Amino acid sequence: MDSVQKKQRKKSFWSIFNFAFANIGGSAVYMTFGTYFMVYVTSAMFTGVPKAEANKLIAMITGLIFIIRLVEIFIDPIIGNIIDNTNTRWGKFKPWLIGAGTISSLLLALLFSGIFGLSRVSATWFTILFIPIFITFDIFYSFRDVSYWGMVPALTEDSHERSLFTAAANFSGFGQNIVTIIIVPVVTYVTFVFTGKHNEGQPGWTAFGILIAVVGIICSLVVAFGTHEKQNALREVTKKKTSLKDMFWALSHNDQMLWTAFPYLIYGFGNAATAGLMFYLFKYVMDKPGLFWITGLIPTIAGFFTSPLYPIINKWVTRKTIYAVSMCSMILAYILLIVSTDNLAMVVTAMILYYVPQGFIFMAVILTLTDTIEYGQLKNGTRNEAVTLAVRPMLDKMSGAISNAVVGWVAVAAGMTGTATAASMTPGGISLFKLVAFWIALILHVLALIIYVFKVNISEKRHAEIVDELQHKLAAEGIGNPESTDEKGSETKVGTVSSEPVDVNIAAPVSGVTMSLSDVVDEHGHKGIAGKGIAIQPTEGKIYAPFDGKVVLVFTTKHVIGLQSDDGLEVLIHVGLGTVNMRGEGFINHLDSGQSFKKGDLLLEFNRDKIQQSGYKDTVVVLLTQGNDIVKTQYTDKKVVASGDELAEVQLK
């Protein structure tokens, strides 16, 4: 049992590691474009162009990005729907991770080259080419990003395990902080090598764009080949294609998804504006551009602690509490920045209060959004994995669009462009900067905190209850795929090989004493269990396959497995009474959903002593879930059976 657990932990570790590693490149690409593209536009893209013309071009780029990104925001749910409807031999997500990840990275490098220097040669041709290149980049980046985060519910349906994947990915989000740390030194160094000038010139920006593109491609390949989608019954039962109409209906009727998304959008507006203007704080307000690396170092160090700590803290503290405390920290940071920006110690303190909790906030929001997938499935009957998680990058795009527009506007309006210095700043320009970067952002953060705390109700406990309810509902309705449509459009039963009745023998999955369902006493003292089947009071802690078939359902609590024989018979094996409350403790599944087995293969191990010590019964219940499709059932008359003995003979129509 210990060796099996070690093997499962090792497999889980590498899956989490590969998933997390990919976000180094993903976060680096996002930060490079989302935050520093406008810095590149305002400082180097139009070097050599007269200032008046350069300002017009900067305004044009700012406006174009803002408009294009706002329009593309409404494409993200469609992108999610396309991914949700993808069905290939490699799974739902891998084709998009590889293809879209590669294309978006290459286009990033092209944009940071000023489209091969065209930005300084012909404004007209640059504008004509910039629009389609930018749109293409944005769409393919969205496919890559939505595919990446959309994998989380496909990797596990357990809320705690999701927190491990998300925490690991958020931890590796230090890729964006590394960008902040190295961007100025790298760009400056490469520029010096090519031009002999110590500034952030075009050669440096081009080289940096290529560097980030290479990292982005490598990381997309790692996640594509290093993770495996879990084909469980909760996903299979809603595998049919979803129309755009059904998709938008499902999203609009998932109230918890909407209440989670709305405060995140508000928070994102304020946060994106502040992050985009942080470089200007150090260069034009504090006159210390050489210390800008601090804003990358602090979140990098924090990331090494916050992400690993989140799952641990979340065991004792709810994510709503984590979210609230983190938001209060950021609000305090804004207050400090408003009070003083000429005191380096005060600014550094504010940076710590500002950057450290962001990982916790991201974790709380994305895990809440992920859990609303099952909430929506239970409420609306539609499971939208990629579509639901496309909401988060869609909101980030909206925030990024606002940030790009705000940064470009503030830079021009406050005189923070070109060769301007801190000495040339006017009091009016500084006041405008503080109003946008700090005051407005402070108000937005307070509003986001209030909405999330009072309107989001999908807690960790509630999500576990929803998953249990979905699984029991699925088991009650039939654990196999209910129906499938053949090429001619006719509906056929999955697993049924003939229209004639089929006799199926069920072997005892465990050794013990048999009893009828009417004689079973549950954990509450109630006698009798409804349905067709037979129970066994076990004398061992191992469940073996009762026939040849495949696993179609494994409860997240591990105590229930659904099987389908090669003849189409569906059986639900329920280990213990009240054991759902153990949340998988003491249980080891040897096969996952979708895997095939032969009669006598070990399917499940359970710790009988732990079950009894927890105050529950270890009775094993074998249920037949197909109701009216069962013509006749004959159970064994033996009082004591050994695993492998004939337990029942079922005639299935």
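Residues numbered from 1 in each chain as written. Predicted model: local features only at pLDDT ≥ 70, side-chain atom pairs only at ≥ 80, totals over all residues. Heavy atoms only, no water.

Looking at helix α14 (residues 255-285)
Here is step 1: Taking 1.5 Å per residue as the helical rise, α14 with its 31 residues ought to reach 45 Å, and the 43 Å between its terminal C-alpha atoms agrees with that figure.
Here is step 2: Taking the largest bend as the criterion, α14 deviates by roughly 40°, centred on Leu-277.
Here is step 3: By the criterion of burial, α14 is predominantly enclosed, with 25 of the 31 residues buried. (Helix = DSSP H or I, 4+ residues; strand = E, 2+ residues; numbered from the N terminus. Expected span 1.5 Å × (residues − 1). Bend = angle between axes of the 7 residues up to and from the residue. Buried < 20%, exposed > 50% of the residue type's maximum accessible area, 1.4 Å probe, protein only.)

Notes on unusual backbone geometry
Here is step 1: Backbone geometry at Ile-115 places phi at a positive 50°, although glycine is not the residue there.
Here is step 2: On the accessibility criterion, Ile-115 (6% relative accessible area) is buried.
Here is step 3: The backbone of Asp-287 sits at a positive phi, close to 60°, despite the residue not being glycine.
Here is step 4: Mapped onto the elements of the fold, Asp-287 is located in the loop between α14 and α15 (294-314).
Here is step 5: On the basis of relative accessible area, Asp-287 is assigned to the exposed category, the value being 52%.

Details of the pattern of salt bridges
Here is step 1: One pass over the full model with this rule turns up seven salt bridges.
Here is step 2: Residue Lys-610 pairs with Glu-585 through a salt bridge whose shortest N-O separation is 3.5 Å. In this pair, Lys-610 is assigned in helix α22 (residues 608-613) and Glu-585 in the loop between β9 (570-577) and β10 (587-589), connecting sequence segments 25 residues apart.
Here is step 3: With relative accessibility at 28%, the residue Lys-610 sits in the partly exposed group.
Here is step 4: Each of Arg-162, Arg-319, Asp-371 and Glu-374 takes part in salt bridges that share partners, so that together they form one network. (Salt bridge = Lys/Arg side-chain N within 4 Å of Asp/Glu carboxyl O.)

Some remarks on the packing of aromatic side chains
Here is step 1: All chains considered together, the criterion is met by 32 aromatic pairs.
Here is step 2: Ring centres of Tyr-40 and Trp-205 lie 5.4 Å apart, and the angle between their planes is 45°; this geometry places the pair in the tilted category. Taken together, the residues Tyr-40 in helix α2 (residues 37-45) and Trp-205 in helix α11 (residues 202-226) connect sequence positions 165 residues apart.
Here is step 3: Tyr-40 gets classed as buried once you look at its relative accessible area, which sits at 0%. (Phe/Tyr/Trp six-rings, centres within 6.5 Å; stacked < 30°, edge-to-face > 60°.)

Concerning the nonpolar core
Here is step 1: Formed by 140 residues in total, the largest nonpolar core has its most connected members in Phe-37, Phe-46, Phe-130 and Phe-433.
Here is step 2: Apart from the residues within four sequence positions on either side, Phe-433 is in contact with Leu-277, Tyr-280, Leu-281, Val-285, Val-410, Met-416 and Phe-438.
Here is step 3: Ranked by size, the runner-up nonpolar core spans 35 residues in total, among them Val-502, Val-551, Val-622 and Ile-630. (Core = buried A, V, L, I, M, F, W, Y, C linked by side-chain atoms within 4.5 Å. Contact = heavy atoms within 4.5 Å.)

Here's the deal with the pairing of strand β16 (residues 646-652)
Here is step 1: For strand β3 (residues 502-507) and β16, the ladder comprises six bridges, and the chain directions are antiparallel. Counted as the bridge partner of Asp-503 is Gln-651 from β16. (Pairing = 2+ DSSP bridges.)

Points about the sheet that holds strand β11 (residues 596-597)
Here is step 1: Spatially, β11-β7-β8-β9-β13-β5-β4-β15 is the arrangement adopted by the eight strands of the open sheet, whose pairing is antiparallel. The open sheet has two edge strands with one neighbour each: β11 and β15 (640-641).
Here is step 2: In terms of strand pairing, strand β4 (residues 512-516) meets strand β5 (residues 532-538) through five bridges, oriented antiparallel. Bridge pairing links Ser-516 to Ile-534 in β5.

Let's talk about the environment of Thr-419
Here is step 1: Within the secondary structure, Thr-419 sits in the loop between α19 (385-413) and α20 (427-455).
Here is step 2: Each C-alpha atom of the pair Thr-419 and Lys-51 lies 9.6 Å from the other, and the pair is 368 residues apart in sequence.

So, the packing of α14 against α20
Here is step 1: With their axes 8 Å apart at the nearest point, α14 and α20 run at an angle of 160° to one another. Here α14 lies roughly antiparallel to α20, going by the angle between them. Here the hand of the crossing between α14 and α20 comes out left-handed.
Here is step 2: Per-class residue counts for the contact of α14 with α20 are 22 nonpolar, six polar and one charged. (Axes fitted to C-alpha atoms, helices over the stretch in contact; angles between N-to-C directions. Parallel < 35°, antiparallel > 145°, perpendicular 65-115°, else oblique. Left-handed = near helix turned anticlockwise from the far one by under 90°. Nonpolar A, V, L, I, M, F, W, Y, C, P; charged D, E, K, R; others polar.)

Looking at the side chain of Glu-374
Here is step 1: If you trace the backbone, Glu-374 turns up in helix α18 (residues 358-380).
Here is step 2: Given the relative accessible area of 0%, Glu-374 is considered buried.
Here is step 3: A polar side-chain atom of Glu-374 sits 2.6 Å from a polar atom in the side chain of Arg-162.
Here is step 4: Looking at Glu-374, its side chain comes within polar contact range of the side chain of His-463, at 3.0 Å.
Here is step 5: Glu-374 has contacts with Arg-162, Arg-383, His-463, Ile-466, Val-467 and Leu-470, leaving out every residue within four places of it along the chain. (Polar contact = N/O pair within 3.5 Å; in protein donor to acceptor, adjacent residues only side chain to side chain.)

Some details on the sheet that holds β10
Here is step 1: Taking strand neighbours across the sheet as the criterion, the three strands line up as β6-β12-β10 in an open arrangement whose pairing is antiparallel. Strands with a single pairing partner mark the edges of an open sheet, and in this sheet they are β6 (542-544) and β10. Across the sheet, the mean angle from the axis of one strand to that of its neighbour is 15°, orientation sign disregarded.
Here is step 2: Here three bridges tie β10 to strand β12 (residues 602-606), and the two strands are oriented antiparallel to one another. Bridge pairing in β12 links Asn-589 to Leu-604.

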